[in-house]
Amino acid sequence: MIAPRFVPFVLKQVIRHPLRTILTVGGVATAMFLFVAVQAMQRGVHAATVEEAEDTTLVVYREDRFCPFTSRLPQYYMDQIERIDGVRTVTPMKVVVNNCRTSLDVVTFRGVHVASFIEQHASQLRVIDGSTAQWEHRSDAALLGETLARRRGLNVGDRFDAAGVTSYVAGIVQSTEPQVENAAYVHLDFLQQATDRTLGIVTQFNVKVNEPSQLDAVAAAIDDLFHTAEAPTTTRSEKAFVSHVATDMIELIESTRWLGYGCLAAVLALVGNAIVLSAQDRIKEHAILQTLGYKGGLIGRLIISEAIVVTLMGGTVGSTVAMTIIHWTRLSMSADGLSIPIEANPFLFLVGLLIAAALGIVAGLVPAWQAMRRPIAHCFRAL
Amino acid sequence: MTMIQCQNLTKIYTKGMGEIRPLDGLDLEVHSGQFLALMGPSGSGKTTLLNLIAGIDLPTSGSLIIDGQDVSTLSRHQLAEWRSQYIGYIFQLYNLVPVLTAYENVELPLLLHPMTRRQRQERVAASLELVGIADRHDHYPRQLSGGQEQRVAIARAIVTDPKIIVADEPTGDLDKPSAHNVMELLQKINRELGTTMIMVTHDPGTSRYAQKTLHLDKGQLVTLDDQEAPA
């Protein structure tokens, strides 16, 4: 946009007007912080609910139930589901949460058959502390997702108590699956006895199918099978299940996108105002540059470059602070035992910077155009 | 050799329903290396003529040929490029960029020319040395006196080695000793570098440093005095 030899001139204009720059950068940083935070929530919804071509997991839930406390399915369904064509594995799961409401810090216990869980999820889990062997051998042991462990400050060897369940941290795992990252996996029978003292009842079955293309057919077959049973089922893909059960929370999060757009509008107005005022203050300076032989187009590009530098500085500060807070707090929004992670990654940071730069260009266009078109003689006469 | 040739040069501004003619059919010839002073009452057309010669305004009619080129036919874009090569402009109020140091102000016109950073450094250093302000190269305009600011402005005007320097009342804002020093400097540049110099002034004392003084009134040439400049 401008030759490299003009870059120091632009930077000096920004740095040597410190008060104007600090105030503008501060405003941009605040707005970009909010924008990145909102985008992080939106990305969490996307990660938790948008189905991908390779998804092969179904969730079998009690028909017309949305809360883990009311979805009660007989555990013996497992054998019948396993016999359906296309089913690879079935994991009965008891889900217990410490808080039924929507919250940023919900502890979700998932009771599973430990051996089959390890067998089925080995490829998706990375143990970062402790071991699955210890989890397997100790009946009250829990395997914690890293997000939950960090949020609660838990380490291997700690005992922790939530939802009336006291367990021992045997391992901490990382996973690409948001639901795994936010849960504490314990032995199924331990959780059944620790909560309602009833063996043989689970909250849901997680069913893996052989091919992604079989998801719909297998789901229909499962629901048909239990259509007239004591506890009819509704079976959906895992992502569809999350988006269905957590509908209210997802709608709320998605509505925050307007807040994000508002932040961008605020940046545009703020930087536009700062650059217009700056350009008006410097009519004489631009006239001097033109007298020296600077063309109108170059002066316009210098103004736009200054706007880009300011928005990039604000974007960098705001995005970095937002990313740091999101990374360290590891917050996720949970409802009914399902988690929507607040996700921030380098791509989001890059998007934040690109949007900031684009806003700088847009904000600088009008003052740049005015400065380009202003005849030198008029500038000097106007002073 | 003729450097500037004006023929029937006219500038008309419209104001409301009427029109103002700051220049009205002016004929003038300035030779290369000449030092010309423009004098006359306010509104006589001095600054308008200066701006036309500097290429920052265009005549309404007539021709303005500078170094063989009719600049009245150039577009805004072409004029900007032409200015960067031919003109050094000295303002009454110095007009330095306040956030840049003396060095950086002098470097500004060189950024338009294809040269390395080292070449720019050498040119800026030589210009600051010539105007006697090299020791203040890292000072901001607010840290300099009026005379020193004007010296920096002169260094900025000569750093590209232009063929013509135009000066709009260069001593108008200076005390007598500073004005004397600045005029001696301009005279030195005119003599040593052979740069054609056109200066607007109200002060007869200042005009004596020029080789010729052109008196204007109502946009027309009144008299043209040859004089011997002070040594």
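Computed from a predicted model, the values in this text were never measured in an experiment. (Residues numbered from 1 in each chain as written. Chains lettered and ligands numbered in written order. Predicted model: local features only at pLDDT ≥ 70, side-chain atom pairs only at ≥ 80, totals over all residues. Heavy atoms only, no water.)

(A) Here's a closer look at the overall build of chain B. Counting its secondary structure elements, chain B contains seven helices and 10 strands. Computed over C-alpha atoms, the radius of gyration of chain B comes to 17 Å, within 12% of the 17 Å expected from 2.2 N^0.38 for 231 residues, which places it in the range of a compact globule. By principal-axis analysis of the C-alpha atoms, chain B measures approximately 50 × 40 × 40 Å. The burial tally for chain B puts 54% of its 231 residues in the buried class. Once local pairs closer than 6 in sequence are excluded, the contacts in chain B between residues at least 24 apart make up 69%. Accessible surface, chain B: about 10100 Å² in total, of which carbon and sulfur atoms supply 47%. If you average the places of the 21 positive and of the 27 negative side-chain charges in chain B, the two averages end up 4 Å apart. (Helix = DSSP H or I, 4+ residues; strand = E, 2+ residues; numbered from the N terminus. Rg over C-alpha atoms; globule rule 2.2 N^0.38 Å. Buried < 20%, exposed > 50% of the residue type's maximum accessible area, 1.4 Å probe, protein only. Contact = heavy atoms within 4.5 Å. Areas by Shrake-Rupley, 256 points an atom, 1.4 Å probe, with all protein chains shown as cover. Lys, Arg positive; Asp, Glu negative; His and termini not counted. Charge placed at Lys NZ, Arg CZ, Asp CG, Glu CD.)

(B) Region of interest: the interface of chain A and chain B. With 26 residues of chain A at the contact, the number on the chain B side is 26 residues. Across the contact surface, chain A and chain B share three salt bridges. The residue Glu104 of chain B makes a salt bridge to Arg16 of chain A at a minimum N-O spacing of 2.5 Å. Seen at the junction of chain A and chain B, the total is 12 residue pairs in polar contact (both at pLDDT 80 or more). Contributing elements (two or more residues each) for the side of chain A that touches chain B: α1 (7–15), α13 (283–292), α15 (346–373) and α16 (376–382) of chain A. A per-element tally of the side of chain A that touches chain B places α13 of chain A first, with seven residues. Across the side of chain A that touches chain B, the residue classes tally to 12 nonpolar, five polar and nine charged. (Salt bridge = Lys/Arg side-chain N within 4 Å of Asp/Glu carboxyl O. Polar contact = N/O pair within 3.5 Å; in protein donor to acceptor, adjacent residues only side chain to side chain. Nonpolar A, V, L, I, M, F, W, Y, C, P; charged D, E, K, R; others polar.)

(C) The arrangement of the packing of aromatic side chains in detail. Summed over the entire model, instances satisfying the criterion amount to 11 aromatic pairs over all chains. Considering the side-chain rings of Phe6 of chain A and Tyr294 of chain A, the 5.9 Å spacing of their centres and the 70° angle between planes classify their relative orientation as edge-to-face. With Phe6 of chain A in the segment before α1 and Tyr294 of chain A in the loop between α13 and α14 (296–329), this pair connects stretches of sequence that are 288 residues apart. In this pair, the class of Phe6 of chain A matches that of Tyr294 of chain A, namely buried. One residue, Arg138 of chain A, lies across the ring of Tyr168 of chain A, its end atom 3.8 Å from the ring centre. The cationic tip of Arg142 of chain B hangs over the ring face of Tyr140 of chain B; the distance from NZ or CZ to the ring centre is 4.8 Å. (Phe/Tyr/Trp six-rings, centres within 6.5 Å; stacked < 30°, edge-to-face > 60°. Lys NZ or Arg CZ within 6 Å of the ring centre and 35° of its normal.)

(D) Representation of the domain arrangement of chain A in the model. Residue and element names in this part refer to chain A. By the assigned domains, chain A splits into domain 1 (4–48 + 252–381) and domain 2 (64–231). For domain 1 and domain 2, the distance between their C-alpha centroids amounts to 45 Å. In this complex, domain 1 contributes 17 residues to the contact, which on the side of domain 2 involves 21 residues. Of the roughly 1500 Å² buried between domain 1 and domain 2 on both sides combined, carbon and sulfur atoms contribute 49%. (Domains from an automatic or database assignment. Buried area = accessible area lost by both parts, 1.4 Å probe.)

(E) Representation of a nonpolar patch on the surface. All names here are of chain A. On the surface, Val7, Leu11 and Ile15 cluster together to form a nonpolar patch covering roughly 250 Å² of accessible area. If you trace the backbone, Ile15 turns up in helix α1. Overall, Ile15 belongs to the exposed group, its relative accessible area being 59%. (Patch = residues over 30% accessible without salt bridge, like charges linked within 9 Å, V, L, I, M, F, W, Y side chains within 5 Å.)

(F) Quick look at the environment of Ile361 of chain A. All names here are of chain A. The topology assignment puts Ile361 in helix α15. Owing to a relative accessible area of 36%, Ile361 belongs among the partly exposed residues under this scheme. C-alpha of Ile361 to C-alpha of Gly272: the two residues are 89 residues apart in sequence and 9.5 Å apart in space. Setting aside chain neighbours within four positions, we find Ile361 in contact with Ile304 and Ile308.

(G) Quick peek at the nonpolar core. Grouped together as the largest cluster of nonpolar side chains are 61 residues, with contacts concentrated most on Tyr294, Leu302 and Ile340 of chain A together with Leu108 of chain B. Considering each element in turn, this core owes the most residues, 11 residues, to α14 of chain A. For Leu108 of chain B, the contacting residues outside a window of four places in its chain are Phe9, Leu289, Leu292 and Tyr294 of chain A together with Val97 and Leu100 of chain B. Ranked by size, the runner-up nonpolar core spans 36 residues in total, among them Ile4, Cys6, Leu26 and Tyr86 of chain B. (Core = buried A, V, L, I, M, F, W, Y, C linked by side-chain atoms within 4.5 Å.)

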